[in-house]
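This is what each chain is made of:
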Amino acid sequence: MDTKRRQILKAGLLGTGAIAFGSPIHLSTAKNNAKLNSKSLRILILGGTGFLGPHMVREALKRGHDVTLFNRGRTNNALFPDLLTLIGDRNKGLDALLGHNWDVVIDNSGYVPRHVKDSARLLAPITSHYIYTSTVSAYASLAKPLNEDAPLAKIADESIETVTPETYGPLKALCEKKVAEEFGENRLSILRPTYVAGPGDHTDRYTYWLARTLLGGEMVWPGSPEDMIQIIDVRDLAKFTIDVADKNIIGTYNTVTPAGVFTMGDLLNDSLAVTGAEMVPVWMDYEFIQAQGNIDESAFPIWIPPISEYAGAAQVSGEKSVAQGLWNRPTRETARDTVAWWRTLPSERTENIRAGLSLQLEKELLKRKTSFQ
Ligand SMILES: NC(=O)c1ccc[n+]([C@@H]2O[C@H](COP(=O)([O-])OP(=O)(O)OC[C@H]3O[C@@H](n4cnc5c(N)ncnc54)[C@H](OP(=O)(O)O)[C@@H]3O)[C@@H](O)[C@H]2O)c1
């Protein structure tokens, strides 16, 4: 498929910005609930305050680990008032990390190879284990079902640092390489999630389907109910990430719901079940959507259109992770909790959803479909 489609999909996998969610977590509360492990780890989380990070922090605290955060202090900076937070910008320097040491580092904020190289170089002598959060966008091609051995994307100019929908995946692949150069393969874990879903998602890509269903009425659903999709619940990813730290699980793992199981029809059923809304689905096939000119597939986040270049995009094998203990909760639970979280957000946020078809375009599409029939 064309570059535009590639950009759309890559954009779909790119997380941008962050919003506040949840109440501040006090260490005393976390410790009271702690199921202390035989070994309490000192864990440094680079980027612990965005979407994925807080879930990992909570999971680590629950298990009695000692967590340090490193970030710029811009995102959700009141979320973990009791944790040691080292303030710094990966683009400017890592001085705040000096004079410390950790058992494990979890890198959630590595998008630029130079940043990842610098942090890995500095941390290699003072940290035993590096867990790098990558993405399935790092693969060179999503045309066929794949596992962790599939070739990775390459960037023609390795000095590029601008993260765009085009460069995101190849840059993440290069970041993986940079951290491997510093840590070696025996102290490194690379996790490659697909679309991450659940409470706190600032991208609204999965949330869109639920939030739109809540509004009721006729709703456009693209493709067919059989179309395969893949996500991972942010809490399952967090739990697996902390398992990787706890059990020192080394290697590269796709973190996804099982390939070929979750479909658009399931997403529809989940959406109806957890919202109780009177939404009427109107399925529209890809050819019809494509023929509309001003409506492209980016209006339908998570859905994979029937295009050969992306035929394997929802068939990424997560078997290797499952063998190491990744557990995927029923998607209905993800849907239920995402809606519960969405309902806690202020109206100025929920009225400005960040992904999906606009109501105006949807109305237009429904009108055109009716006159087309
Ligand atoms: N979200 C998804 O669906 C998805 C899918 C696949 C892979 N991933 C990967 O998962 C990781 C985490 O994604 P996310 O959505 O949780 O990210 P996010 O919400 O954007 O969180 C970014 C975190 O990094 C910190 N940060 C950002 N820039 C920084 C800088 N220059 N220096 C220091 N700290 C910085 C932020 O805090 P401050 O702003 O305070 O610095 C925040 O804590 C990413 O590596 C992404 O590639 C995400």
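One structure accompanies this document, and this report is about it.

Analysis parameters
Residues numbered from 1 in each chain as written. Predicted model: local features only at pLDDT ≥ 70, side-chain atom pairs only at ≥ 80, totals over all residues. Heavy atoms only, no water. Near = heavy atom within 4 Å. Polar contact = N/O pair within 3.5 Å; in protein donor to acceptor, adjacent residues only side chain to side chain. Helix = DSSP H or I, 4+ residues; strand = E, 2+ residues; numbered from the N terminus. Nonpolar A, V, L, I, M, F, W, Y, C, P; charged D, E, K, R; others polar. Core = buried A, V, L, I, M, F, W, Y, C linked by side-chain atoms within 4.5 Å. Buried < 20%, exposed > 50% of the residue type's maximum accessible area, 1.4 Å probe, protein only. Contact = heavy atoms within 4.5 Å.

On to the site of the ligand. Near the ligand lie 30 residues; those nearest to it are T49, R74, T75, Y168 and K172. Note that an oxygen atom of the ligand is positioned 2.7 Å from one of the backbone N or O atoms of R74. In the model, an oxygen atom of the ligand is placed 2.9 Å from a nitrogen or oxygen of the N108 main chain. Mapped onto the shell around the ligand, the elements with two or more residues apiece are β2 (66-71) and α5 (168-183). Of the residues that constitute the shell around the ligand, the class distribution is eight nonpolar, 16 polar and six charged.

Our next topic: the nonpolar core. By size, the foremost hydrophobic cluster in this structure holds 33 residues, and its most contacted members are W209 and F300. Contributions of two or more residues to this core are made by β7 (195-197), α6 (207-215), β8 (217-222), α8 (264-275), β11 (279-284), α9 (286-290), α11 (331-342) and α13 (359-372). At four residues, α8 tops the list of elements feeding residues into this core. In contact with W209, other than residues within four places in its own chain, are M219, V220, W221, P222, M264, L267, S271, F300, P301 and I302. Core analysis: the second largest hydrophobic core is formed by 30 residues, L41, I106, V234 and L237 among them.

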